[in-house]
Amino acid sequence: MKSFLPLALALSVLALPLRAADPKPLLNNPGKVISAPDFKQPLGAEWSVAKGKWEPADGVLSVTDIPDQKHIPVLHLASGPTPLIWECEFKFNNGKSFLVGCDGQKHIGRVVIGPKSFKIAEDTAAPSKTIKEIAVDLKPDAWHTLRVEYAGDQIAARLDGQDLTAQHEYLATPKVRWWFAAADSVQIRNVKVTEGQPIAPAK
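Residues numbered from 1 in each chain as written. Predicted model: local features only at pLDDT ≥ 70, side-chain atom pairs only at ≥ 80, totals over all residues. Heavy atoms only, no water.

**Brief notes about the overall build of the protein**
Right, so step 1: Within the protein, the regular secondary structure consists of 1 helix and 15 strands.
Right, so step 2: Across the protein, the fraction of contacts at a sequence separation of at least 24, relative to all contacts at a separation of at least 6, is 66%.
Right, so step 3: Counting only carbon and sulfur atoms, one obtains 56% of the accessible surface of the protein, whose full area is about 11400 Å². (Helix = DSSP H or I, 4+ residues; strand = E, 2+ residues; numbered from the N terminus. Contact = heavy atoms within 4.5 Å. Areas by Shrake-Rupley, 256 points an atom, 1.4 Å probe, with all protein chains shown as cover.)

**So, the sheet that holds strand β14 (residues 177-182)**
Right, so step 1: In spatial order, the strands read β2-β5-β14-β7-β8-β9-β10; together these 7 strands make up an open sheet with antiparallel pairing. Both outer strands of the open sheet, β2 (47-51) and β10 (129-135), are each paired with one neighbouring strand and no more. Each adjacent strand pair in this sheet contributes to an overall mean axis angle of 15°, direction not counted.
Right, so step 2: Inspection of the sheet shows strand β5 (residues 74-78) paired to β14 by 5 bridges, in the antiparallel sense. When the sheet's bridge partners are listed, Leu75 is paired in β14 with Phe180. (Pairing = 2+ DSSP bridges. Axes fitted to C-alpha atoms, helices over the stretch in contact; angles between N-to-C directions.)

**Quick notes on the nonpolar core**
General note: in soluble globular proteins, nonpolar side chains tend to be found buried as a group.
Right, so step 1: Ranked by size, the top nonpolar core spans 40 residues in total, and within it Trp86, Phe98, Ile113, Leu146, Phe180 and Ile188 carry the most contacts.
Right, so step 2: At 4 residues, the largest contribution of residues to this core is made by strand β6 (residues 84-91).
Right, so step 3: Beyond its immediate chain neighbours, meaning those up to four positions away, Phe180 contacts Trp47, Trp54, Pro73, Val74, Leu75, Trp86, Cys88, Phe98, Leu99, Val100, Ile188 and Val191.
Right, so step 4: In terms of nonpolar packing, the next biggest core, distinct from the first, is built from 5 residues, Leu99, Val112, Trp179 and Ala181 among them. (Core = buried A, V, L, I, M, F, W, Y, C linked by side-chain atoms within 4.5 Å. Buried < 20%, exposed > 50% of the residue type's maximum accessible area, 1.4 Å probe, protein only.)

**Details of the pattern of salt bridges**
Right, so step 1: Counted under the stated rule, the structure contains 8 salt bridges.
Right, so step 2: In this structure, Glu89 engages Arg189 in a salt bridge whose closest nitrogen and oxygen atoms are separated by 2.5 Å. Of this pair, Glu89 sits in strand β6 while Arg189 is found in strand β15 (residues 187-198), placing the two residues 100 residues apart along the sequence.
Right, so step 3: Residue classification places Glu89 among the buried positions, given a relative accessible area of 17%.
Right, so step 4: Owing to a relative accessible area of 27%, Arg189 belongs among the partly exposed residues under this scheme.
Right, so step 5: Note that Asp137 and Lys116 form a salt bridge whose closest N and O atoms lie 2.7 Å from each other. Linking Asp137 in the loop between β10 and β11 (144-151) with Lys116 in the loop between β8 (107-114) and β9 (117-122), this pair joins segments that are 21 residues apart in sequence.
Right, so step 6: Judged by relative accessible area, Lys116 falls into the exposed class, the value being 54%.
Right, so step 7: A single salt-bridge network, built from bridges that share partners, covers Glu87, Arg147 and Glu149. (Salt bridge = Lys/Arg side-chain N within 4 Å of Asp/Glu carboxyl O.)

**Here's the deal with unusual backbone geometry**
Right, so step 1: For the bond running from Ala126 to Pro127, omega is -5°, close enough to zero to count as cis.
Right, so step 2: Note on placement: Pro127 falls in the loop between β9 and β10.
Right, so step 3: Even without glycine at this site, Phe39 takes up a positive phi of about 55°.
Right, so step 4: With respect to the secondary-structure elements, Phe39 resides in the loop between β1 (28-35) and β2.

Following this line, the structure appears as structure tokens:
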């Protein structure tokens, strides 16, 4: 009588869920985790609210505007000058803007996302100057995936599989923090910020 054990083992292996591959890096390989909040408890000491309300609950960070502040809600993350990878998912709901940016003594650069626009800008002077931009069509009630990376004088971003890379000498300015900025009602989840190990040597 033939044994069906080898066949059974083969079928069991095929039935196992495939492990998702790590996202393809843009500028860096991931290093030490800086912050990976679960949004089921208060934010850690590395985060600080600058404007608006940022309320974590049930795995989601919800943004509320405070009209008297007359400024888009902003949440800072102390990071230091290290190259960096910033990952998250966001949903607009009724909001129209979502940003990830970095500061030194003043603003340095930012990724700016609207329902129809995805761009990277530098902040040598106000208002910010767009370096690269592409058109998008983002649904307000859908979760969108964003990956932002910084290394040397470049910032790169991937939004729902679309890549954008910008280079400018000002982007190499030493950084002390990164930040979220988001319109009222925007929600965020699955945030992970890691130190980056640049793929290409610094120029």
